[in-house]
Amino acid sequence: MEAGKYVIALVDDDRNILTSVFMMLEADGFSVQTYTDGESALQGLLSRPVDLAVLDIKMPRMDGIELLQRLRSRSQMPVIMLSSKDEEIDQLMGLRLGADDYITKPFSQRLLLERIRALLRRNDVNKAEVEGGAVASGMVVRGSLTLDDLRHQCRWNNEDIQLTVTEFLLAKALAMRPGLVKSRDQLIDAAYGENIYVDDRTIDSHIKRIRKKFRQVDSEFNKIETLYGIGYRYKED
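Residues numbered from 1 in each chain as written. Predicted model: local features only at pLDDT ≥ 70, side-chain atom pairs only at ≥ 80, totals over all residues. Heavy atoms only, no water.

K.L.:
Please set out the sheet that holds strand E5 (residues 101-105) residue by residue, giving values where relevant.
P.N.:
The strand order E2-E1-E3-E4-E5 describes an open sheet built from five strands, whose pairing is parallel. Strands with a single pairing partner mark the edges of an open sheet, and in this sheet they are strand E2 (31-35) and E5. Between one strand and the next, the sheet's axes are offset by a mean angle of 20°, whatever the strand orientation. Two elements, strand E1 (residues 7-11) and E2, share five bridges in a ladder whose sense is parallel. Paired with isoleucine 8 across the two strands is valine 32, which belongs to E2. (Pairing = 2+ DSSP bridges. Helix = DSSP H or I, 4+ residues; strand = E, 2+ residues; numbered from the N terminus. Axes fitted to C-alpha atoms, helices over the stretch in contact; angles between N-to-C directions.)

Following this line, the structure appears as structure tokens:
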């Protein structure tokens, strides 16, 4: 991965965190935009899109949850949320609104860097890079569902479903093997990569959001089944 081709946005009212993370990312070769409040970040990110955003939850003028909600109405850019240990409700709310990942403060800068790199790699695999009329490959078709890797496109009954990177990878992992149960650990590996710890509830929140998005275009959507205590599966046609 060539860090120099990526632009990262950091949004946090704690200037110490902002400065130290900015220096770490620039030293690693990333270009970085910084914002100290949600309102300026929203204006900046809509006018100057980035490859990934790191958002603090508690901020003045517009908190990270509202900022995420407004961004998701316009963009599917990868987002990592920063939260304090006592903000579990906000963490879950962020995931339900479409955050791809979250990290709890205080955090290791090396951990944040690893999560950023992992999320960018996942995004690269799935975003549209069809050049010169290249024929799309990596298509998953299951009845009314179509998942197109190259275009990062999900369609249900010919209706577009806007999925984040994490949501797309989870949907793909389930749809690839219909009828077979995927444990939460297997879904974590599929969406986040191996050797990355993610709480089980993170997967549950992502699945709930995926279902909600499908039901917005089909109120009877029921293809993703929960097997309590085991995991999830995509129903066979």
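There's plenty left to go through after this.
K.L.:
Before we move on, can you summarise the packing of helix H7 (residues 184-192) against helix H8 (residues 200-217) with the specific residues and values?
P.N.:
In the contact formed by H7 and H8, the axes pass within 10 Å of each other and the chain directions differ by 75°. The angle between the axes of H7 and H8 places the two elements in the roughly perpendicular class. On H8, the residues that touch Arg184, Asp185, Leu187, Ile188 and Tyr192 of H7 are Asp200, Thr202, Ile203, Asp204 and His206. Within the contact of H7 with H8, the residues separate by chemical class into four nonpolar, two polar and four charged. (Parallel < 35°, antiparallel > 145°, perpendicular 65-115°, else oblique. Contact = heavy atoms within 4.5 Å. Nonpolar A, V, L, I, M, F, W, Y, C, P; charged D, E, K, R; others polar.)

K.L.:
Account for the pairing of strand E6 (residues 139-142), with residues named and values stated.
P.N.:
Pairing of E6 with strand E7 (residues 145-148), which is carried by four bridges, proceeds in the antiparallel orientation. Bridge pairing in E7 links valine 140 to leucine 147. Two successive antiparallel strands, E6 and E7, enclose a turn made up of two residues, where glycine 143 displays a positive phi of approximately 60°.

K.L.:
Quick rundown of the confidence of the model for the chain? Include the residues and the values.
P.N.:
Considering every residue of the chain, the mean pLDDT works out to 85; 88% of them sit at 70 or more. Of all secondary-structure elements in the chain, the lowest mean pLDDT belongs to helix H4 (residues 88-96), at 68, while E1 reaches the highest, 96. Note on residues 128-136: pLDDT under 50 across the span, and eleven contacts to partners over four residues away in sequence or across chains. (pLDDT = per-residue confidence, 0-100.)

K.L.:
Lay out the layout of surface pockets in plain terms, naming residues and giving numbers.
P.N.:
Estimated volume of the largest pocket: approximately 210 Å³. Surrounding the largest pocket, Asp101, Tyr102, Ile103, Thr104, Leu111, Arg115, Tyr197, Val198, Asp199 and Thr202 form its lining. Elements with a contribution of two residues or more to the lining of the largest pocket: E5 and helix H5 (109-126). The element best represented in the lining of the largest pocket is E5, accounting for four residues. Taken together, the residues that form the lining of the largest pocket break down as five nonpolar, two polar and three charged. Empty space within the second largest pocket amounts to approximately 160 Å³. Contributing to the lining of the second largest pocket are Arg72, Gln76, Asp160, Ile161, Gln162, Arg209, Lys212, Lys213, Gln216 and Val217. Every element with two or more residues in the lining of the second largest pocket is listed here: strand E9 (159-161) and H8. The element that contributes the greatest number of residues to the lining of the second largest pocket is H8, accounting for five residues. (1 Å grid on protein atoms, 1.4 Å probe; cavity = no way out; pocket = protein on both sides within 12 Å on 5 of 7 lines; lining within 4 Å. Points joined across faces, edges and corners; volume = space filled by probe spheres on them.)

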